[in-house]
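Overview (structure and organization)
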Amino acid sequence: LWKNWWVRGLFTLAMITFFFFIIYLGPMVLMMIVLCVQIKCFHEIIMIGYSVYHSYDLPWFRTLSWYFLLCVNYFFYGETVTDYFFTLVQREEPLRILSKYHRFISFALYLTGFCMFVLSLVKKHYRLQFYMFGWTHVTLLIVVTQSHLIIHNLFEGMIWFIVPISCVICNDIMAYMFGFFFGRTPLIKLSPKKTWEGFIGGFFATIVFGIVLSYFMSGYRYFVCPVEFNNDSNSFQVDCQPPELFQLQEYTLPSVLESVTGWTTVHLYPFQIHSVALSSFASIMGPFGGFFASGFKRAFKIKDFANTIPGHGGIMDRFDCQYLMATFVNVYIASFIRGPNPSKVIQQLLALRPDQQLHIFNSLKAHLVEKGLLPALEGAAA
């Protein structure tokens, strides 16, 4: 038991060290790592399907599985490139054409794979082939869609990538440690080793960790500024005037907390308040991704998705909770954080025909005059 604890602990430290190293290397490397993790997770789940359904003799199937992965990645990454590198795309003629017809090309590629699947159907394997077709598509939905959301979160600022992932890692470690030393009460039948003591201890430890990590990271532009592409230097840049979300504010404590701490006010970054929501989700709902994975493995009578990492299993075993977290963060940003982006609106306007630009200009001018803002602006300019 202790040997397993030490092996698991050493490789956990190694993975955390590697995580900090890729953060140091910057957003582009982080995106490449996300893509590599996505491919490995897809490989692990698909291989379970091959072994369980004995499908090695199915015609074209492994080829088609990887072809569909390529198609879906082409669609999602093409959407990302068009959205975040609009100016670069418009500057290069081949990219501009690919961007304009991107969705049609993506659909044509998928349709080709669909037709290849239909042509590969063999009478004695009909049911098995349709099982595996569904298996591949569900895997694509779980793995590729979520990794696409992770990259979108990263573009909002590396803090939206690092804090949620770190909270899940912290909860996993602390729940394991609390459960190892204090666990007595089973939590759920799907994971017999999970205990209420580990679940509750992990929750409070993750809340504290999230608040402390957010305080540290909110003071650095490198972490809080959106990741943007600089067209002059043709490289990523992370530099901006930090928004109010990442500026220290003074908050008055409730009377209950004031009587306990003796403080009337505290200085916090607003993001720290949001980090409580992120930490809570990582602690309460995040483990359900792990329970889902445990149920999946029990259904197919396997211990781990693979044996890539000693003491931890496969890559998918470490990222089962991260996928739920990625969706939550993306929805949270869209619902409570993100507002209209003027730079993107301007980029889209510049891509319009001159007559369309003139029509929008006249409409905007009439709107500003009606609001009484344009004369004030003209007076200020004079």
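Computed from a predicted structure; not experimentally measured. Numbers given to residues run from 1 along each chain, matching the order in which its sequence is written. Under the rules for a predicted model, residues below a pLDDT of 70 receive no local features and side-chain atom pairs below 80 are neither given nor counted, while totals for whole chains, interfaces and linings still include all residues. Each side-chain value is worked out from all heavy atoms of the structure, with water and hydrogens disregarded.

As for unusual backbone geometry
Our working rule: A simple rule labels every residue: compare its accessible area, found with a 1.4 Å probe on the protein chains alone, to the largest value its type can have, and call it buried under 20%, exposed over 50%, or partly exposed in between.
If you check the backbone angles, Lys301 has positive phi at about 55 degrees while not being a glycine. According to the relative accessible area criterion, Lys301 is exposed, its value standing at 74%.

Focus on the packing of helix α12 (residues 270–284) against helix α14 (residues 315–337)
Put simply, the rule is: Only the stretch in contact is used when fitting a helix axis, every axis being a line fitted to C-alpha atoms; angles between N-to-C directions are given from 0 to 180 degrees. By the criteria applied, helices consist of DSSP H or I runs no shorter than four residues and strands consist of E runs no shorter than two, each listed in order from the N terminus. Roughly parallel means an angle under 35 degrees; roughly antiparallel, over 145; roughly perpendicular, 65 to 115; everything else is oblique. The sense of a crossing depends on the near helix, which, turned anticlockwise from the far helix by less than a right angle, makes the crossing left-handed and, turned clockwise, makes it right-handed. We call two residues in contact whenever any of their non-hydrogen atoms come within 4.5 Å of each other. Three classes are used, and their members are as follows: Ala, Val, Leu, Ile, Met, Phe, Trp, Tyr, Cys and Pro are nonpolar, Asp, Glu, Lys and Arg are charged, and the others, Gly among them, are polar.
It is at 11 Å that the axes of α12 and α14 come closest, and there the two elements cross at 150 degrees. Viewed along their axes, α12 and α14 adopt a mutual orientation that is roughly antiparallel. For the element pair α12 and α14, the recorded crossing hand is right-handed. The segment α12 lies against α14, with His274, Ala277, Leu278, Phe281 and Ala282 engaging Leu324, Met325, Phe328, Val329, Tyr332 and Ile337. Per-class residue counts for the contact of α12 with α14 are 10 nonpolar, one polar and no charged.

Focus: the UniProt feature "transmembrane region" (unreviewed entry) in the protein
Condition: UniProt positions are given in the numbering used here, feature names are shortened, and annotations may be inferred rather than shown by experiment.
Under the local residue numbering, the UniProt record ascribes the feature "transmembrane region" (unreviewed entry) to residues 12–37, 58–77, 104–122, 129–151, 157–183, 195–217 and 271–293. Annotated as residues 195–217, this span is 96% helix and 4% strand, and its ends, taken at the C-alpha atoms, are 32 Å apart.

Topic: the environment of Val227
Its location among the elements puts Val227 in the loop between α10 (221–224) and β3 (228–230). For the pair Val227 and Asn153, spaced 74 residues apart in the sequence, the C-alpha separation amounts to 9.9 Å.

Some points on the side chain of Gln38
We count it as follows: For this analysis, a polar contact is any N or O atom pair within 3.5 Å, provided that within protein one partner can donate a hydrogen and the other can accept it, and provided that sequence-adjacent residues contribute only side-chain to side-chain pairs.
As for its placement among the helices and strands, Gln38 is situated in helix α2 (residues 27–53). Overall, the relative accessible area of 1% leaves Gln38 in the buried class. Reaching out from Gln38, the side chain makes a polar contact with the side chain of Asn73 at a distance of 2.7 Å. In this structure Gln38 touches Leu69, Asn73, Tyr77, Val143, Val144, Ser147 and Tyr323, once residues within four positions along its chain are discounted.

Here we look at the state of the cysteines
We count it as follows: The disulfide criterion is simple: two cysteine sulfur atoms within 2.5 Å.
Inspection of the entire model under this criterion finds one disulfide. A sulfur-sulfur separation of 2.1 Å characterises the disulfide bridge that pairs Cys225 with Cys240. Between Cys225 and Cys240, the S-S torsion sits near -90 degrees, and that sign places the bridge as left-handed. Placement of Cys225 in the loop between α10 and β3 and of Cys240 in the loop between β4 (235–237) and β5 (249–252) is noted, with a sequence separation of 15 residues between them. On the accessibility criterion, Cys225 (0% relative accessible area) is buried. For the unlinked cysteine Cys41, the closest cysteine sulfur is that of Cys36, found at 11 Å. Residue class for Cys41 comes out buried when judged on its relative accessible area of 0%.

Section: the packing of aromatic side chains
Heads up, the rule is: Two aromatic rings, drawn from Phe, Tyr or Trp (for Trp, its six-membered ring), form a pair once their centres lie within 6.5 Å of each other, and the interplanar angle then sorts them: stacked below 30 degrees, edge-to-face above 60, tilted otherwise.
Evaluation of the coordinates by the stated rule reveals 27 aromatic pairs. When the centroid spacing of 5.3 Å and the interplanar angle of 55 degrees are considered together, the rings of Phe216 and Tyr220 count as tilted. Ring centres of Phe296 and Phe300 lie 5.1 Å apart, and the angle between their planes is 55 degrees; on these two criteria the pair is classed as tilted. For Phe300, a relative accessible area of 22% corresponds to the partly exposed category. Joined through ring pairs, the aromatic side chains of Tyr67, Phe68, Tyr110, Phe114, Phe117, Phe130 and Phe133 make up one cluster.

So, a nonpolar patch on the surface
Note the threshold: Candidates for patches are residues over 30% relative accessible area with no salt bridge; among them, like charges are joined within 9 Å and nonpolar side chains (Val, Leu, Ile, Met, Phe, Trp, Tyr) within 5 Å. Areas reported here follow the Shrake-Rupley algorithm with a probe of radius 1.4 Å; residue values treat only the protein chains shown as occluding. The rule for a salt bridge is simple: a side-chain nitrogen of Lys or Arg has to be within 4 Å of a carboxyl oxygen of Asp or Glu.
Residues Phe18, Phe21, Tyr24 and Leu25 make up a contiguous nonpolar surface patch of about 470 Å² in total accessible area. Along the polypeptide, Leu25 turns up in helix α1 (residues 2–25). Exposure remark for Leu25: the relative accessible area of 41% places this residue in the partly exposed category.

Concerning α12
Convention followed: Helix span, as expected, comes to 1.5 Å for every residue beyond the first.
Over its 15 residues, α12 runs 22 Å from end to end, which matches the ideal 21 Å to within 8%, given 1.5 Å per residue. By the criterion of burial, α12 is predominantly enclosed, with 11 of the 15 residues buried. Residues Pro270, Phe271, Gln272, His274, Ser275, Leu278, Ser279, Ser280, Phe281, Ala282 and Ser283 constitute the buried set of α12. Those residues of α12 that are buried are in contact with α8 (159–182), α9 (196–217), β5, β6 (265–268), α13 (286–299) and α14.

Points about the environment of Ala366
Tracing the backbone through its elements, the reader meets Ala366 in helix α16 (residues 354–371). When the C-alpha positions of Ala366 and Ser294 are compared, they lie 60 Å apart, and in sequence the two are 72 residues distant.

Observations regarding the nonpolar core
Cut-off, in case you're wondering: Here, the term nonpolar core denotes a set of buried Ala, Val, Leu, Ile, Met, Phe, Trp, Tyr and Cys residues that are joined through side-chain atoms within 4.5 Å.
Ile159, Trp160, Phe161, Ile162, Val163 and Phe271 are the most contacted members of the largest nonpolar core, which has 43 residues in total. For this core, the element with the most residues is α8, which contributes eight residues. Once residues lying within four places of it in the same chain are set aside, the contact partners of Ile162 are Phe19, Ile23, Met217 and Phe223. Membership of the second largest hydrophobic core comes to 28 residues, among which are Ile46, Leu128, Trp135 and Ile315.

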